[in-house]
Amino acid sequence: MMFACIYSSSANLREIAAAFSPSFEQTAPDTVVFRVDGLQRLHGSPRQIAEAIAQKAITKPDGDEVNIAIAETADAAIIAARNFPGVTLLTNAAPNLSDLDISTLPLTEEMSQVLDSWGIYTLDQLAQLPENGLAERFGPHGVYLQQLARGAIDRPLKIFQPETTYEDRIELDHPVSLLEPLLFLIARLLNDQCARLLSNAMAANEVTIRLQLEDHLEHTRTLRLPVPMRESKSLLKLLQMDLEAHPPTAPAIALSLSLKPVHPRTVQTGIFLPVTPAPDKLELTLTRIRGIVGENNVGLPELLNTHHPQPFRLVPGPPTPHPQSRRTSQHAFRYFNPPLHAMIDLIDNRPVRLSAPGIHGKVLNAAGPWRTSGDWWTSTNWNRDEWDIALSNGALYRIYHDSHWYVEGSYD
């Protein structure tokens, strides 16, 4: 194998390398290396290949000198190009690089001081040291540098991959105020971007749509997905429901769509576990529910570090577990939001009968009252008496009195 390396501080190295090979490695902003085995039929001998590369580099109006080296290994070509001016051919790397100073290698400060104390100044001197002794003194990095000095490292190239952007923009010929034609254009952008995600084995956890409106206004909506997705139909439906809930205030004259790429989620399902809904279908269902009951009324309950009677809040993502809870119970408690207004019959200040919307019955057992209060320094302070009651039908409820009677929830 033969490798060519180009070294220049100002030339467009990627463009030059791409003219000779579709696969190249950019080891530094000023260094690029690629294979030239297949160029012999096109350009001839290694010297003719190097001259063709030099001619391509000279045609670029940069004015800076370009160094080119061809060697049997990529690292030997890199060292030669970074240290020899003009065109360099290395048919056998070690003899030609042997006179170079060891400072051309990536030495640590400790290695540089030790080698200097040993009288080792050139690559040839480093190459002749005993490998075992070098490994005992400097470890694997020392052996690696000695192999570099010998030109004996034959490694594959780390192919340069241009950064993939997942963003596109459309300028509209006429202002569009209706949602349906906008969705048609958004679908076209989504199909292209999702195909790009699939080809790169990626998914998106965030979708942003920007509508440039008349009168220099802008309407931006961002969907943060709970799980990475790359199905264009599902993403389009989510954007449609979001734009229906938050329509633009003026006709659009341009639109842009951008996706935030992430690695897709890998899920290992059990053989005997029930099949869960697909993440995209579940998110569509939750979005429809948010449209009906409101965005703030859909989420996962998260316990708060408080003794408040309702020590939780709804969050859109997975809740943060908290080690403390207000009360432990062997029963799950189902909160009514909002609490139900109730009529309570009392005998000797103890509840004997409950009447509330959908709930009626005689109280067989009642535990309480528990008087609680707190957060008196905030607007969410509370001061109430609580009871846990069992009705004649077997149902268990928690009731409380705070200027009026309420049913807070039920035990499952």
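Calculation criteria
- Residues numbered from 1 in each chain as written.
- Predicted model: local features only at pLDDT ≥ 70, side-chain atom pairs only at ≥ 80, totals over all residues.
- Heavy atoms only, no water.
- Pairing = 2+ DSSP bridges.
- Helix = DSSP H or I, 4+ residues; strand = E, 2+ residues; numbered from the N terminus.
- Axes fitted to C-alpha atoms, helices over the stretch in contact; angles between N-to-C directions.
- Salt bridge = Lys/Arg side-chain N within 4 Å of Asp/Glu carboxyl O.
- Buried < 20%, exposed > 50% of the residue type's maximum accessible area, 1.4 Å probe, protein only.
- Expected span 1.5 Å × (residues − 1).
- Contact = heavy atoms within 4.5 Å.
- Parallel < 35°, antiparallel > 145°, perpendicular 65-115°, else oblique.
- Nonpolar A, V, L, I, M, F, W, Y, C, P; charged D, E, K, R; others polar.
- pLDDT = per-residue confidence, 0-100.
- Phe/Tyr/Trp six-rings, centres within 6.5 Å; stacked < 30°, edge-to-face > 60°.
- Lys NZ or Arg CZ within 6 Å of the ring centre and 35° of its normal.

## Brief notes about the sheet that holds strand β14 (residues 350-356)
Then, in step 1: One open sheet holds the 7 strands; their spatial order is β12-β18-β17-β16-β15-β14-β13, and the pairing between them is antiparallel. The open sheet has two edge strands, β12 (333-341) and β13 (343-347), and neither has a second partner. Strand-to-strand twist across the sheet, computed as the mean angle between neighbouring axes with direction ignored, equals 30°.
Then, in step 2: In this structure, β14 lies alongside strand β15 (residues 359-374), joined through 4 bridges in antiparallel fashion. Paired with L354 across the strands is G361, a residue of β15.

## Digging into the pattern of salt bridges
Then, in step 1: As enumerated under the stated definition, the model contains 14 salt bridges in all.
Then, in step 2: Salt-bridge contacts for D75 lead to R155; the nearest nitrogen and oxygen are separated by 3.1 Å. Of this pair, D75 sits in helix α4 (residues 74-83) while R155 sits in the loop between α9 (140-150) and β6 (167-176), placing them 80 residues apart in sequence.
Then, in step 3: The class for D75 is buried, based on a relative accessible area of 9%.
Then, in step 4: The residue E408 makes a salt bridge to R384 at a minimum N-O spacing of 3.0 Å. Taken together, the residues E408 in strand β18 (residues 405-411) and R384 in strand β16 (residues 382-391) connect sequence positions 24 residues apart.
Then, in step 5: You can call E408 buried: its relative accessible area is 0%.

## Observations regarding the sheet that holds strand β1 (residues 3-7)
Then, in step 1: Read from one edge of the open sheet, 5 strands run β2-β3-β1-β4-β5, paired in mixed fashion. Among the strands making up the open sheet, the edge pair consists of β2 (24-28) and β5 (87-89). With direction set aside, neighbouring strand axes in the sheet form an average angle of 15°.
Then, in step 2: Bridge count for β1 against strand β3 (residues 31-35) is 5 bridges, and the pairing is antiparallel.

## Some remarks on helix α10 (residues 179-199)
Then, in step 1: Between its first and last C-alpha, α10 extends 30 Å over 21 residues, near the 30 Å set by a 1.5 Å rise per residue.
Then, in step 2: Regarding α10, the residues found buried are L182, L183, L185, I186, A187, L189, L190, Q193, C194 and L197.
Then, in step 3: Tucked into the core, α10 has its buried residues touching β6, β7 (203-213), β8 (217-229), α11 (232-245) and β9 (252-262).
Then, in step 4: Downstream of α10 by a residue or two, A201 has a phi angle that is positive, lying close to 55°.

## Here's the deal with the packing of helix α8 (residues 131-138) against α9
Then, in step 1: One way to put it is that α8 packs onto α9 with a least axis distance of 6 Å and a crossing angle of 135°. Taken together, the axis directions place α8 and α9 in an arrangement best described as oblique. Together, E131, L134, A135 and F138 of α8 and P140, H141, G142, V143, Q146, Q147 and R150 of α9 make up the contact between the two elements.
Then, in step 2: Its residues placed into classes, the contact of α8 with α9 shows 5 nonpolar, 4 polar and 2 charged.

## A word on the confidence of the model for the protein
Then, in step 1: Looking at the protein, the pLDDT average stands at 83 and 89% of residues meet or exceed 70.
Then, in step 2: Segment residues 321-329: pLDDT under 50, and 18 contacts once partners within four positions in sequence are set aside and those in other chains are kept.

## Notes on the packing of aromatic side chains
Then, in step 1: The full count for this structure, using the stated rule, is 6 aromatic pairs.
Then, in step 2: Ring centres of F24 and F160 lie 5.4 Å apart, and the angle between their planes is 15°; this geometry places the pair in the stacked category. Taken together, the residues F24 in strand β2 and F160 in the loop between α9 and β6 connect sequence positions 136 residues apart.
Then, in step 3: Taken together, the ring pairs in this structure connect F333, Y335 and Y411 into an aromatic cluster.
Then, in step 4: The ring centre of F333 lies 4.2 Å from the NZ or CZ of R398, which sits over that ring.

## Some points on the environment of G38
Then, in step 1: The residue G38 is located in the loop between β3 and α2 (40-43) in this model.
Then, in step 2: Sequence-wise, G38 and M1 are 37 residues apart; in three dimensions their C-alpha atoms are separated by 9.6 Å.

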